[in-house]
Amino acid sequence: MPRTRDPKELFDAAVAGDRAAVARLLSVVERGGPAARDVSRLVFPRCGDAYTVGITGAPGAGKSTLTDQVITTIRGAGEEVGVLAVDPSSPFSGGAILGDRVRMQDHALDQGVFIRSMATRGHLGGLTLATREAIRVLDASGFRLVLVETVGVGQVEVEIAQAADTTVVVVNPGWGDAVQANKAGLLEIADVFVINKADRPGVRETERDLKSMLSMSDLGDWTPPIVPAVASTGEGVADVWAAIGDHRRHLEGSGLLEGRRRHRLEDELREIVVRRLEQEAYQRCADAFERLLVGVLERRVDPYSAADELVETLRGGED
Ligand SMILES: Nc1nc2c(ncn2[C@@H]2O[C@H](COP(=O)(O)OP(=O)(O)O)[C@@H](O)[C@H]2O)c(=O)[nH]1
Ligand SMILES: [Mg+2]
């Protein structure tokens, strides 16, 4: 394992198959800053080959258990896989992530599997960008398949799920689960539905709910299959993997995959630019902002007039 923190040395080692170097590169990406930029520059030209699968759904739906089973399926087919477990809701690497580690530890000694947890750590909305970058690190390190598990409860989580080529939404049997998934914005992004915990009653009702909600949305030429599974025993997991494969072939065969990826890069570039301009703008007018904020708080100036003045200040180039 290289003791270096130099991005280029780490990158060379990662590409040569050194998993410890991959882990370090991911730490650099997570920390952000100039070193992370160096990693981006190195990694970007070397990636584009990995197929990414997002696995999302409510906490406790069985995403980690399913991910673990999917890893087993992939390994059974002799392929290598990189896995990111992203938890935007936990500010520290806390319980949920520890749970993932424990659950997936069967694969800990397998060189063909690389598992990494990522938490917010003050990233704010930047976790989406960090996740995309982390996917590229795994891609450039030679993983042809990357799984991303994320809790599907908010806007950021939905964005992260959209960083994948195929998005799997995990729901459970029982009244209301499909409706919750719909409210969370997961129905629109699902390419495959898994009704996990199919050993419990209510599978048919959930399937019916999903179908009726799907019938009201604009599907295009792909109807997301609904696959029952029992992740805890492995039942149905082969069907889940087959459904992911079907979707992949659909995207590849129709040219939609390329379109999706272009769209994603466009979004990413836009997000980076907006973020940077925003930061720069606040820095440049920090004093004026504070001054005008006081005016707004004391109700001497309305927010729009204050914003006009701030933007004028910025255009003038001085604070
Ligand atoms: N009965 C049943 N329990 C399951 C199934 N899959 C997962 N579980 C359990 O559900 C709980 C949450 O699973 P986990 O994979 O951590 O969910 P996550 O929060 O979505 O990652 C754990 O106790 C699992 O053992 C299943 O198919 N059937
Ligand atoms: Mg989990």
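In what follows, the structure referred to is the one given above.
Described in the following lines is the structure provided in the data block.

Moving on: the packing of aromatic side chains. This structure, assessed with the given rule, holds two aromatic pairs. The interplanar angle of 45° and the centroid separation of 6.3 Å between the aromatic rings of Phe114 and Phe143 together place this pair among those described as tilted. One end of the pair, Phe114, is in strand S3 (residues 113-119); the other, Phe143, is in the loop between helix H6 (127-140) and strand S4 (145-151), with 29 residues separating them in the sequence. Taken as a pair, Phe114 and Phe143 share a single burial class, namely buried. Ring centres 5.5 Å apart and planes at 85° place the aromatic pair Tyr282 and Phe289 in the edge-to-face group. What makes Phe289 partly exposed here is its relative accessible area of 27%.

We now examine unusual backbone geometry. A positive phi angle, close to 70°, is found at Lys197, a residue other than glycine. Taking relative accessible area as the criterion, Lys197 reaches 22% and is therefore assigned partly exposed. Unusually for a residue other than glycine, Arg299 sits at a positive phi of about 60°. Structurally, the position occupied by Arg299 is in the loop between helix H13 (286-297) and helix H14 (303-316).

We now examine the sheet that holds S4. Pairing is parallel across the open sheet formed by seven strands, whose spatial order is S3-S2-S4-S1-S5-S6-S7. In this open sheet, the two edge strands, each paired with only one partner strand, are S3 and strand S7 (226-229). Recorded for the sheet is a direction-independent mean angle of 20° between the axes of neighbouring strands. Pairing geometry for strand S2 (residues 81-87) and S3, over seven bridges, is parallel. Residue pairing for S3: Val81 is matched across the bridge by Val113. Helix-sheet contacts for helix H10 (residues 203-215) involve strand S5 (166-171), strand S6 (192-196) and S7, and the interaxial angle to S6 is about 160°.

Within the largest apolar cluster, 30 residues are counted, with the highest numbers of intra-cluster contacts made by Leu84, Val137 and Leu138. Elements supplying a minimum of two residues to this core: helix H1 (7-15), helix H2 (19-31), helix H3 (34-43), S2, S3, H6 and S4. It is H6 that contributes the most residues to this core, seven residues altogether. When residues of this core are sorted by domain, at least three fall in each of domain 1 (1-45) and domain 2 (47-254). Apart from residues no more than four positions distant in its own chain, Leu138 is found in contact with Val22, Leu26, Gly82, Val83, Leu84, Phe114, Phe143 and Val146. Counting residues in each nonpolar core, the second largest holds 27 residues, with Ile55, Ile71, Leu147 and Val194 among its members.

With that settled, the discussion passes to H6. With 14 residues, H6 should cover 20 Å at 1.5 Å per step; its first-to-last C-alpha distance of 20 Å lies within 8% of that length. Within H6, 14 of the 14 residues are buried, leaving the element largely enclosed by the surrounding structure. Immediately downstream of H6, the backbone of Gly142 shows phi near 105°, a positive value.

Attention now goes to the pairing of S7. Across four bridges, the pairing between S6 and S7 is parallel. Its bridge partner lying in S7, Asn196 is registered against Ala229. Between S6 and its parallel partner S7, the chain crosses via H10, and the hand of that crossover is right-handed.

Attention now moves to the environment of Thr166. Here Thr166 shows up in strand S5. Judged by its relative accessible area of 0%, Thr166 falls in the buried class. The residues contacting Thr166, other than those within four sequence positions of it, are Tyr51, Thr52, Val53, Gly54, Asp191, Val192, Ile244, His247 and Arg248.

Definitions and limits used
- Residues numbered from 1 in each chain as written.
- Chains lettered and ligands numbered in written order.
- Predicted model: local features only at pLDDT ≥ 70, side-chain atom pairs only at ≥ 80, totals over all residues.
- Heavy atoms only, no water.
- Phe/Tyr/Trp six-rings, centres within 6.5 Å; stacked < 30°, edge-to-face > 60°.
- Helix = DSSP H or I, 4+ residues; strand = E, 2+ residues; numbered from the N terminus.
- Buried < 20%, exposed > 50% of the residue type's maximum accessible area, 1.4 Å probe, protein only.
- Pairing = 2+ DSSP bridges.
- Axes fitted to C-alpha atoms, helices over the stretch in contact; angles between N-to-C directions.
- Contact = heavy atoms within 4.5 Å.
- Core = buried A, V, L, I, M, F, W, Y, C linked by side-chain atoms within 4.5 Å.
- Domains from an automatic or database assignment.
- Expected span 1.5 Å × (residues − 1).
- Right-handed = clockwise from strand over helix to strand, strands pointing away.

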